[in-house]
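Structural overview
Here is how the chains run, residue by residue.
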Amino acid sequence: MRNYRTTAGLLLLTALLTVQFAMAQTGYYYPKATKFDPAVPTPEKFLGYAIGTHYTRHDQIVAYFRELAKVSNRVHVQTIGKTYEEREQIVVTFTAPENYSRLEEIRKEHITSIDPSKPVVDSKAPVIVMLGYSVHGNEGSCGEVSLLAGYYLAANQDPETNQWLKESVIFIDPSLNPDGRDRAANWFNSYKSFPPVADPLDKEHMEAWPNGRTNHYFADLNRDWLNLVHVESRNRVEFFHQWYPNVQIDFHEMGPNATYYFEPTPKRHESPIIPQFIYDENAVFAKYHAKALDEIGSLYFTKENYDNLSPIYGSTYPKFYGSIAATFEEAGSGGIAKETANGLLTFSFTIRNHLSTTFSSLKAAVAEKTNLFKIQKDLFKYGLEQARINPAKAYVFGDSRDESLTQKFLGLLLQHRIQVYDVAATASIDGKSFEKGKAYIVPAEQPNFLVIHSLFEEIALKDSLFYDNTGWSVIHAYGLQYAKLKTKDFAKGAQITATVQAKGGIEGGKSSYAYLLAYTDYNAGKALYQLLNKNIMVKTAFKPFTAAIANDKKSYGYGTLVVPVAGQSMSSDSLYAQLQKIGIACNVSFTAAATGFSAAGVDLGSNNIKTVRKPEVALAFGQGVTASEAGQIWFLLNQQLGLPVVKLDLQYFRQATLKKYTTIVLPAGNYSAWDKPVIDKLKAWVADGGTLITFQTATAWAIQNELVKEKLVDSDEKTAAAKSTERLEFVSKQDVEGSKRINGAIFIADIDITHPIGFGLSDRKLFINKNGPTLLQKSTDKYATVAQYADKPFINGYASKQNISKVSNSAAIILSTVGSGRAVLFADDPTYRSYWLGTARLFFNSIFFANLVEGAGAFGAEEENK
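Note that this is a predicted model, so its numbers are computed, not measured.

1. Section: the overall build of the protein chain
Per the secondary structure count, the protein chain includes 25 helices and 34 strands. In terms of overall size, the protein chain behaves like a compact globule, its C-alpha atoms giving a radius of gyration of 29 Å where 866 residues would be expected to give roughly 29 Å. Dimensions of the protein chain, computed from C-alpha atoms along their principal axes, come out at roughly 95 × 65 × 60 Å. Within the protein chain, the proportion of its 866 residues that are buried is 60%. Once local pairs closer than 6 in sequence are excluded, the contacts in the protein chain between residues at least 24 apart make up 78%. A total accessible area of about 33800 Å² is found for the protein chain, and carbon and sulfur atoms account for 51% of it. Side chains of the protein chain give 90 positive and 88 negative charges; the mean places of these two sets differ by 2 Å.

2. Notes on the pattern of salt bridges
All told, the structure shown has 35 salt bridges when counted by the stated rule. Here Arg-213 ties to Asp-220 by a salt bridge, and the two come within 3.0 Å at their closest N and O atoms. We classify Arg-213 as partly exposed; its relative accessible area is 27%. With a closest N to O distance of 2.7 Å, Asp-680 and Lys-676 form a salt bridge. With Asp-680 and Lys-676 both in helix α19 (residues 676-687) and 4 residues apart, the pair spans about one turn of that helix. Its relative accessible area of 58% is what places Lys-676 among the exposed residues. Here the residues in one salt-bridge network are Glu-85, Arg-87, Asp-179 and Asp-182, joined through shared partners.

3. A short note on the packing of aromatic side chains
Inspection of the entire model under this criterion finds 65 aromatic pairs. For the pair Phe-251 and Phe-328, a centre-to-centre distance of 5.3 Å together with 85° between the ring planes defines the contact as edge-to-face. Here the residue Phe-251 occupies a position in strand β5 (residues 247-254), and Phe-328 occupies one in strand β7 (residues 324-331), the gap between them amounting to 77 residues. The buried category is assigned to Phe-251, whose relative accessible area is 0%. Judged by centre distance (5.2 Å) and plane angle (40°), the ring pair of Phe-262 and Tyr-300 falls under tilted.

4. Here's the deal with the confidence of the model for the protein chain
For the protein chain, the average pLDDT comes to 93, and 92% of its residues sit at 70 or higher. Below a pLDDT of 50 lies the segment residues 857-866, which in the model reaches 5 contacts outside its immediate sequence neighbourhood of four places, other chains included.

5. Observations concerning the packing of helix α6 (residues 141-155) against helix α11 (residues 347-367)
Viewed as axis vectors pointing N to C, α6 and α11 meet at an angle of 50°, and their least axial separation amounts to 9 Å. In terms of orientation, α6 lies oblique with respect to α11. α11 is crossed by α6, and the crossing has right-handed handedness. Across the interface between the two elements, Ser-141, Cys-142, Glu-144, Val-145, Leu-148, Ala-149, Tyr-152 and Leu-153 of α6 pack against Phe-347, Thr-350, Ile-351, His-354, Leu-355, Thr-358, Phe-359 and Leu-362 of α11. Partitioning the contact of α6 with α11 into residue classes produces 11 nonpolar, 4 polar and 1 charged.

6. Remarks on the pairing of strand β1 (residues 75-82)
Sheet analysis places β1 next to strand β2 (residues 88-94), joined by 7 bridges and oriented antiparallel. Across the sheet, residue Gln-78 finds its bridge partner in β2, namely Val-91. Hairpin geometry of β1 and β2 is characterised by an intervening segment of 5 residues between the two adjacent antiparallel strands and by a positive phi of about 65° at Glu-86.

7. Re helix α16 (residues 524-533)
Here α16 lies mainly inside the structure; 7 of its 10 residues are buried. The set of residues buried in α16 consists of Ala-524, Gly-525, Ala-527, Leu-528, Tyr-529, Leu-531 and Leu-532. Packing partners of the buried residues in α16 comprise β18 (514-517), β22 (561-564), α17 (572-586), β23 (589-593), α18 (627-641) and α24 (837-849). Phi turns positive one or two residues past the end of α16, at Asn-535, with a value near 60°.

8. A short note on the environment of Leu-852
Within the secondary structure, Leu-852 is located in the loop between α24 and α25 (861-864). Separated by 718 residues in the primary sequence, Leu-852 and Ser-134 have C-alpha atoms spaced 46 Å apart. The contacts of Leu-852, once residues within four sequence positions are left out, are Thr-540, Phe-542, Lys-610, Thr-611 and Val-612.

9. Considerations on the side chain of Asn-99
Checked against the element boundaries, Asn-99 lands in helix α4 (residues 97-100). Side-chain polar atoms of Asn-99 contact the backbone oxygen of Lys-166, separated by 2.9 Å. Residue contacts for Asn-99: discarding those within four places in its chain leaves Ile-106, Pro-126, Leu-165, Lys-166 and Ser-168.

10. Quick notes on α6
For α6, spanning 15 residues, the distance from its first C-alpha to its last is 21 Å, which sits close to the expected 21 Å at 1.5 Å a residue. Taking burial as the measure, the 15 residues of α6 include 15 buried ones, the bulk of the element.

11. So, the environment of Asn-587
In this structure, Asn-587 sits in the loop between α17 and β23. We classify Asn-587 as buried; its relative accessible area is 19%. As a C-alpha pair, Asn-587 and Gln-501 span 86 residues in sequence and 6.5 Å in three-dimensional space. With residues near it in sequence (within four places) discarded, Asn-587 still touches Ser-404, Gln-501, Ala-502, Gly-504 and Asn-523.

12. Comments concerning the sheet that holds strand β33 (residues 811-818)
One open sheet accounts for 9 strands, arranged β27-β26-β28-β29-β34-β33-β32-β30-β31; its pairing is mixed. Because the sheet does not close on itself, it has two edges, and the strands there are β27 (646-649) and β31 (765-770). Each strand of the sheet is rotated relative to its neighbour by a mean of 25°, with strand direction disregarded. Sheet topology places strand β26 (residues 617-621) next to β27; 4 bridges connect them, and they run parallel.

13. Thoughts on the sheet that holds strand β3 (residues 127-133)
Reading across the sheet, the 7 strands line up as β1-β2-β4-β3-β5-β7-β6 and stay open at both edges, with mixed pairing between neighbours. The sheet is open, and its two borders are formed by β1 and β6 (260-262), each paired with just one other strand. Looking at each pair of strands side by side, their axes are set apart by 20° on average, direction ignored. Bridge count between β3 and β5: 5 bridges; the pairing is parallel. The residue bridging Tyr-133 from the neighbouring strand is Phe-251, located in β5.

14. Digging into the nonpolar core
Among the nonpolar cores identified, the biggest contains 233 residues, and Phe-397 and Phe-456 are the most heavily contacted of them. Examining the composition of this core, we find that 10 residues originate from one element, α6, more than from any other. For Phe-456, the residues in contact, after removing those within four places along its chain, are Tyr-395, Phe-397, Phe-409, Leu-413, Val-442, Ser-473, Ile-475, Tyr-482 and Lys-484. Membership of the second largest hydrophobic core comes to 12 residues, among which are Leu-516, Ala-547, Tyr-556 and Ile-609.

15. Quick notes on the pairing of strand β14 (residues 440-443)
Side chains Tyr-440 and Val-442 project from β14 onto one buried face, and the interleaved Ile-441 and Pro-443 project onto a second face that is buried too. Taken together, the 4 bridges between strand β10 (residues 394-397) and β14 define a ladder with antiparallel strand orientation. When the sheet's bridge partners are listed, Phe-397 is paired in β14 with Tyr-440. Looking at chain direction, strand β11 (residues 420-423) and β14 are connected through 2 bridges and run antiparallel. If you follow Tyr-421 over to β14, its bridge partner there is Ile-441.

Criteria and cut-off values
- Residues numbered from 1 in each chain as written.
- Predicted model: local features only at pLDDT ≥ 70, side-chain atom pairs only at ≥ 80, totals over all residues.
- Heavy atoms only, no water.
- Helix = DSSP H or I, 4+ residues; strand = E, 2+ residues; numbered from the N terminus.
- Rg over C-alpha atoms; globule rule 2.2 N^0.38 Å.
- Buried < 20%, exposed > 50% of the residue type's maximum accessible area, 1.4 Å probe, protein only.
- Contact = heavy atoms within 4.5 Å.
- Areas by Shrake-Rupley, 256 points an atom, 1.4 Å probe, with all protein chains shown as cover.
- Lys, Arg positive; Asp, Glu negative; His and termini not counted.
- Charge placed at Lys NZ, Arg CZ, Asp CG, Glu CD.
- Salt bridge = Lys/Arg side-chain N within 4 Å of Asp/Glu carboxyl O.
- Phe/Tyr/Trp six-rings, centres within 6.5 Å; stacked < 30°, edge-to-face > 60°.
- pLDDT = per-residue confidence, 0-100.
- Axes fitted to C-alpha atoms, helices over the stretch in contact; angles between N-to-C directions.
- Parallel < 35°, antiparallel > 145°, perpendicular 65-115°, else oblique.
- Left-handed = near helix turned anticlockwise from the far one by under 90°.
- Nonpolar A, V, L, I, M, F, W, Y, C, P; charged D, E, K, R; others polar.
- Pairing = 2+ DSSP bridges.
- Polar contact = N/O pair within 3.5 Å; in protein donor to acceptor, adjacent residues only side chain to side chain.
- Expected span 1.5 Å × (residues − 1).
- Core = buried A, V, L, I, M, F, W, Y, C linked by side-chain atoms within 4.5 Å.

Next comes the structure, spelled out in structure tokens:
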């Protein structure tokens, strides 16, 4: 490796960069271009610096594209939404003026591709291409490429470019993750040196926690295409379904010591439900990309890495709709220049590579468009064929006890353009009740069956070398009641085109005694926090009861919220008004109770109906904490409960007054920075009545540092490794070691629904996403193991037989007594990617109810004090 740290090296580095920057708008980025429209400003002229010398902020990117739209009739900008940080999401359209003048006509003709009964789109029609850049905000070359590509398409006058514009409609999303991009751009620009410093350990190249990869809530938007948790994803997918591109490219960066990657991916990483002809076309496109990179002398590789099976990704989700979608990965410089195993890597070099494959993608799309139209049509025909041989002929979902979650899942299906119908009549299926008007049916036989399969079915994978989640059945993630119909003889009601939220409010008018709210609705937790935030006293039922309501009786289960009229800090009229307002806002209905004397079960004045304290929550944050988990917790507490969680950096725990908080949450991470005084401080806080909630490795850390007296499942791997004399071939190492990970598979556990952590659940079967190594022994307190993995726990994804055996019968959730406080230990991440709502509600329960659980030996204390 050349040393660029010496004076001579710095001079050479500066010279190399100077040559690249001087050629930025000529031979370096556009080696074959001959003629540009002088009326169209280059990015350098508009921005005041050459591309590759500076990281361009998102607002500057937007401004440049708007300038192009002003001066070129080839360019049009539309806003598709805004991010959490109020940054504009745009899509830029490039096409010949004669195409744009009839754009809606082109769109309507093109989307007939999704209807198997319609003919293939006319070969003379424009091919639809989507180019997406910077879904990971700190993969900075991608956004810069969008500017150069935009300029070229707006200004270049060469015959080939004119052909592209005539025969295609090209969409550019220049910044899929605007918030993350600006976080990264500000970092790199702030620590940029003059001249640049290539040492990988320079501050410029050592982006700090949480870095700019993710969005405002630290979510990886390239894992959100199926789940649609975040606003950026919902806006983007809404645009996708207006057009169904034939080609969709997702531009990324990887580690600096790599070269360049484009598809095809390894066959072992292909989806078992996507037809092979989709992947085969990626191999056709690969020849165009190889030629483009060969021409500029850039190294590359294919068929070695990267998952290509799950619709969670931006390069895979479109495949489920017939697009030839692909991931492109460029070695990232993480700054202006960096020393790597392959020599000096400059920002401008990374930009040029991605620009080259941008153009090769357009070349391929236009050249192959006749086949692309046929492939897209064949995909939807294939979907219907697969639906007809699928064992399940329809899926029924919905729970009258949880209308909020039912509507949330319905909304997700509609966003994916799944055909959903009302159930024709109330029915009982597999012992589950599905009520007309509150349950829905999804016929399998429809063109989008492949996505339906991904939402409802399980897939057991054989390969072990997936770098991300292998289990993504969303119905399991939501924990929503559903059933599969194995017969074609099912009736369906009217087609559903929009969600219908429960009206909410108060049933039975004003009460002089109390109001009741069943805790089975997902939004009940939201209503609970809103009540507590208004200083309204709320109680929760530890035992079920049957209330006398007007001239009827109504059963209420564990966790039911009881709001007494007496003892409140406001008048009965004000209380009624507040409950009415909260009920409407949260889409839940309170019921007025005229008496505390129950028809069955405990009365409303029982000691088994306990007062809930208002939680004040602190979340461990900063270097050492797993940023994605911290972001998920932050997101769910903000967006679902409306709770303003305090994000407390690890370094401030020493000086923080912990008694301000009722609850402290430790996401997975590395807490080795905390010394004994900090650990002792945390121990004392818990023992004094605090609630500590830990996830995954934080759970292991809490046990190892004796904050709790629970135990981990002993790992015999180190002992076995020390004793082993087995000799294996080196080439097998990746497979053997990779199989030891649990990388996001779905397991099933039994949960105690009488336990306060399980309040609101109606089914003891709990689906958990397990994506870490933490394994808990069952508690010695026989009432403390809230959830335990089944004897045969594996449901979906990939996990080795050895790992499945280890998970079997281990504890999933434990509530441990620590002095006057409580610790809720999750072996896994209950907030996984903010869409695992079936377990997220247990996390909410931990915040609200853990302190109300009596410790070991405390049972009967009230009676003993008589």
